[in-house]
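One letter stands for each residue in the lines below.
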Amino acid sequence: MTAEMRAVDFFKAGGTLHQNAPSYITRPADTELFNKALAGQFCYVLTSRQRGKSSLMIRTAGRLRRAGVRVSIIDLSGLGTQVTQEQWYLGMIARIANDLRIRMDVEQWWREHGTGGPIQRFTDFLHDVVLKQVEERVVVFLDEIDSTLKLDFTDDFFAAIRVMYNARASDPEYDRLTFVLLGVATPTDLVKDPKRTPFNIGQRIELPELNRTDATPLEEGLGARFPERGAPILDRIFHWTNGHPYLTQRICLEVAEAPDGTMSDDELDAIVERLFLSDEARKKENNLNYVDSAIKAIPDRRPLMKLYRRIFGGENVPEDKRDPAQERLRLVGLIRAEDGVLSVRNRIYKQVFDQPWIQQNTPRNSAKLVSIMASLVVVLALALVAFTLYQNQQQKLAAAQQTYGTGFATSSGAVLKLNNLALLCNADAGTARDLFYGKQVGKLPLTTAAQRADLFDQLKDSSIAADLKVAIPCLQPQSQIPAAERNQLLPAMQGAACRAGLKDEQQVIDALGTFSCPA
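The structure presented is a predicted model; accordingly, all values stated were derived computationally and were not measured. (Residues numbered from 1 in each chain as written. Predicted model: local features only at pLDDT ≥ 70, side-chain atom pairs only at ≥ 80, totals over all residues. Heavy atoms only, no water.)

A.B. asks: Where do I start with the pattern of salt bridges in this structure?
C.D. replies: Between side chains of opposite charge, pairing is possible as soon as their charged atoms come close. In the structure shown here, the tally under the stated rule is 28 salt bridges. The closest approach of N and O atoms between Arg 168 and Asp 175, which form a salt bridge, is 3.9 Å. Here Arg 168 falls in the buried class, since its relative accessible area comes to 17%. By relative accessible area, which is 33% here, Asp 175 ends up partly exposed. Residue Arg 330 is joined to Glu 319 by a salt bridge in which the shortest nitrogen-to-oxygen separation is 3.7 Å. With a gap of eleven residues between them, Arg 330 in helix α16 (residues 324-332) and Glu 319 in the loop between α15 (302-312) and α16 connect regions that are remote in the sequence. Classification of Arg 330 by relative accessible area gives buried; the value is 13%. Overall, Glu 319 belongs to the partly exposed group, its relative accessible area being 30%. (Salt bridge = Lys/Arg side-chain N within 4 Å of Asp/Glu carboxyl O. Buried < 20%, exposed > 50% of the residue type's maximum accessible area, 1.4 Å probe, protein only. Helix = DSSP H or I, 4+ residues; strand = E, 2+ residues; numbered from the N terminus.)

And the structure:
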């Protein structure tokens, strides 16, 4: 920075640096984009805001012109969003014609070719007008492509660019036409319809942070203002910004306009505090507001915030360019990759977008809450159903005990007693055993050992076979008959089974053990 040049003229924070800006820092992307565009390769520079995309475009366009390439630069945001599809495409070809100095009445040409749709006329204009009237290579820079994402007809536009790229195989004229796309988007954002082929052409140009080694112009500018202090001042700036283009230029500009002195680290830290870290700065600084607003504008941002929380906490998260959450955080500008590991982009961001901010911007897991509430509702419903079923069952058991238990205790005939006992077994086997073996069931009278044996001795024929097949297994005689009456009751049961023709029934044999019947 010369003595005559003011700091405001040397450093520039925000906006596009002109071609000869003294504070422009050349990065590998400058060489890569120029060489690829000059070779006719489709390219895209898709990264976060204030990363230097437009400045890169302006300088590359200038170099291409000096190399004999015809260049058109279109800021797509300038075409508007409250326009019709016809107006949008007409505005684009008018700018292309103007940049390439094609002398014609664009509106008249547009009307004369009105039989085709807007996208057809756009591609026809490039092939039949531009490539016919311009003999040199043509590079069209499309800046601010993210401004098109809310338009409902731009899927066709990006699809048309892909078609023209693929047409090179059959029409060599298209080899002279190259597009360079720049903006805050991912390639998958460009074609929104999932049923259509995604935008999958071109060379991605990475635009990393400024490299301290290459930042000599900034060091010289600071050194002109603070002699022999340029290097340490810039070192401290990079300590905070990690080479973020806008933040670095912004601090450099502020430092260069500071009062005379030595500009110590403490003084520079105070500038950073005032510009970015204070409560007022967090509310007013456009770069910080953009990051905050971009995150808040993402409806389903919970996965992003969970990922950012891990990175912020120092967890070793490997870079994965196929991960949509990582790609979105990179586009917002919050994170960077270094040696294949993700980290918060710089110290300023780490202090601004901190744990309280993470907590504030992490939505509650509504799906999980809904799932929990739904599960609770289901559990309560099932519990209510189970309770209702239990009550009904208890009522049925009580009714069965009353009906069949009373029938067993009060009936005088053995067949009727057995029938009630079998019905009670079907309803409540436990109660049936208690009642039969002389345990108290409600107010029903107790049975005696003699009565129990006599019941089976009185069963004389096969008519009671069905009830015996239920009652004998139910009573579990092998384990339930008291020892004192086993020699009396077990033979009585076996005899009844013989008379009923059940000696070969397996369930009866299992209950009574092996027995033989008289011939």
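We are not done yet, so read on.
A.B. asks: Where do I start with the state of the cysteines in this structure?
C.D. replies: Each disulfide is one covalent bond, formed between the sulfur atoms of two cysteines. If you walk through the whole model with that rule in mind, you get two disulfides. Linked covalently through their sulfurs, Cys 425 and Cys 474 form a disulfide whose S-S length is 2.2 Å. Taking the sign of the torsion about the S-S bond as the criterion, the disulfide between Cys 425 and Cys 474, at about -85 degrees, is left-handed. Of the two residues, Cys 425 sits in helix α20 (residues 414-427) while Cys 474 sits in helix α23 (residues 465-475), which places them 49 residues apart along the sequence. For the pair formed by Cys 425 and Cys 474, the shared burial category is buried. When the bonded cysteines of the protein chain are counted from the start of the sequence, the pairing works out to 1-2, 3-4. (Disulfide = S-S within 2.5 Å.)

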